[in-house]
Amino acid sequence: MVVVMKPKTEEIHIQALVAHLEALGVSVSITNGIGCSILGLVGDTTNLDMDKISINPYVERVMRVQEAYKKANRKFHPQDTVVEVAGAKIGGGHFAVMAGPCSVETKEQIVEVAEAVQASGAKLLRGGAFKPRTSPYSFQGMGVDGLDLMLEAKAKTGLPVVSEIMSPKLVEIFEEKVDVVQIGARNMQNFDLLKEVGKMSKPILLKRGLANSYEEWIMSAEYIMSEGNENVILCERGIRTFETYTRNTLDISAIPAVKRMSHLPIIVDPSHAAGMSWMVEPLALAAITAGADGLIIEVHNNPACAKCDGQQSLTPAQFDGLMKKAAALVDLAGKTM
Ligand code: PEP
Ligand code: MN
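Residues numbered from 1 in each chain as written. Chains lettered and ligands numbered in written order. Predicted model: local features only at pLDDT ≥ 70, side-chain atom pairs only at ≥ 80, totals over all residues. Heavy atoms only, no water.

Our focus in this paragraph is the overall build of the protein chain. The secondary structure content of the protein chain amounts to 11 helices and 14 strands. A globule of 337 residues ought to have a C-alpha radius of gyration of about 20 Å, and the protein chain, at 21 Å, matches this closely. Residues counted as buried form 53% of the 337 residues belonging to the protein chain. Across the protein chain, contacts joining residues at least 24 apart in sequence account for 67% of those joining residues at least 6 apart. Carbon and sulfur atoms make up 53% of the accessible area of the protein chain, which amounts to about 14,400 Å² in all. Distance between charge centres in the protein chain, computed from 34 positive and 39 negative side chains, equals 2 Å. (Helix = DSSP H or I, 4+ residues; strand = E, 2+ residues; numbered from the N terminus. Rg over C-alpha atoms; globule rule 2.2 N^0.38 Å. Buried < 20%, exposed > 50% of the residue type's maximum accessible area, 1.4 Å probe, protein only. Contact = heavy atoms within 4.5 Å. Areas by Shrake-Rupley, 256 points an atom, 1.4 Å probe, with all protein chains shown as cover. Lys, Arg positive; Asp, Glu negative; His and termini not counted. Charge placed at Lys NZ, Arg CZ, Asp CG, Glu CD.)

Right, let's get into the site of ligand 1. With respect to spatial proximity, 13 residues lie near ligand 1, and among them Arg 126, Lys 131, Ala 185, Arg 186 and Arg 237 are the closest. In the environment of ligand 1, an oxygen atom lies 2.8 Å from a nitrogen or oxygen atom belonging to the backbone of Ala 185. One of the side-chain N or O atoms of Arg 186 is found 2.8 Å from an oxygen atom in ligand 1. Protein chains shield 97% of the accessible area of ligand 1, which is 300 Å² for the free molecule. The site holding ligand 1 turns out to be the largest pocket. (Near = heavy atom within 4 Å. Polar contact = N/O pair within 3.5 Å; in protein donor to acceptor, adjacent residues only side chain to side chain. 1 Å grid on protein atoms, 1.4 Å probe; cavity = no way out; pocket = protein on both sides within 12 Å on 5 of 7 lines; lining within 4 Å. Sits in = over half its atoms within 2 Å of the grid points.)

Attention shifts here to helix H1 (residues 11–23). Here H1 contains 13 residues, and its C-alpha end-to-end distance of 18 Å stays within 8% of the 18 Å for a straight helix at 1.5 Å per residue. Of the residues making up H1, those classed as buried are Ile 14, Leu 17, Val 18 and Leu 21. The buried residues of H1 all sit within an arc of 105 degrees when viewed along its axis, so they share a single face. For H1, the exposed residues set more than 90 degrees away from the buried face come down to Ile 12 and Ala 23. Where the residues of H1 are buried, they touch strand E1 (2–5), strand E2 (27–32), strand E3 (37–42), helix H2 (50–55) and strand E4 (59–63). Of the residues one or two after H1, Gly 25 is the one with positive phi, at around 100 degrees. (Expected span 1.5 Å × (residues − 1). Arc of directions from axis to C-beta.)

A word on the pattern of salt bridges. The final tally for this structure, using the stated rule, is 17 salt bridges. Lys 177 is paired through a salt bridge with Glu 176; the nearest N and O atoms lie 3.8 Å apart. Look at Lys 177 and you get buried, because its relative accessible area is 15%. Given the relative accessible area of 60%, Glu 176 is considered exposed. The partner of Asp 293 in a salt bridge is Lys 335, with the nearest N and O atoms 3.9 Å apart. Taken together, the positions of Asp 293 in the loop between helix H10 (277–290) and strand E14 (294–298) and Lys 335 in the segment after helix H11 (316–332) put the pair 42 residues apart, joining distant regions of the chain. With respect to class, Asp 293 is no different from Lys 335; both count as buried. (Salt bridge = Lys/Arg side-chain N within 4 Å of Asp/Glu carboxyl O.)

Looking at the protein chain, the domain boundaries give domain 1 (2–63) and domain 2 (83–332). Using only C-alpha atoms to locate each centre, domain 1 and domain 2 end up separated by 37 Å. (Domains from an automatic or database assignment.)

Here it is as structure tokens:
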């Protein structure tokens, strides 16, 4: 349920209503919008009488929220959420690009890529240290050593680092070493993991599952938010369809649809959607045009020798070309990068 307060209602009257509602057994989150405040009621609201709440002279209107997601719902929080990471902003008119290799391999590799993507305008460095591989015989990532190499690249460039967590056991290490914690597509419905990262202080990059609906995806964001961490960035990375030409099918519709459903920022990963480096640029540009708040792109200094996902990785020069075109479109969209 959402309670919209009348414009310019004084704090004392808002707090009195919040106390009354909490006494009825629901928790209340307050969003101060432009001109008015909105109370989002979470919990069992079935026995709340909408008419009685409407009688309050400071209440403009009361609405039932049919959707199962509450904190992530745009009805609870009409303005776009802006997630801030070490000065970089994502959402609400702020566009940011995360770039780097699929997996961290050596100090030289990660530092060289970090310096290159930064020079082209990336604001965050991505790199996998714990890799969710289809085969147990494939390279599984460098683990904590990989995170430490990312921190060396961060020390040189100042770029905050994004890396995927696969186990609740790693929460403490990620809290210490990583700036944005990625939940990969394969773990989007790992509810124990979602609850644990929901207790972290770091923003969470929540990738869409390989075969999950918008609602299921936003419900996973709700898991994280319900534990207290409201800094969630959604990431469309392509879904399974009958088409086998591409690695996945980039679902461009997800961008406007999710923006209508939720206030959370949404970025796009064209690399894992395409699975081929030559297709990354057109998909990235399409994502910006459809309203994405950012991109996450795989870049490798030597794609042919990459330990993971070389076929879809851009060279630093290709990435630079993409960024020049992206900047023009971001500008056209009236956003800042
Ligand atoms: C990745 O970002 O390297 C990755 C494994 O992505 P996804 O979870 O989208 O497959
Ligand atoms: Mn990858």
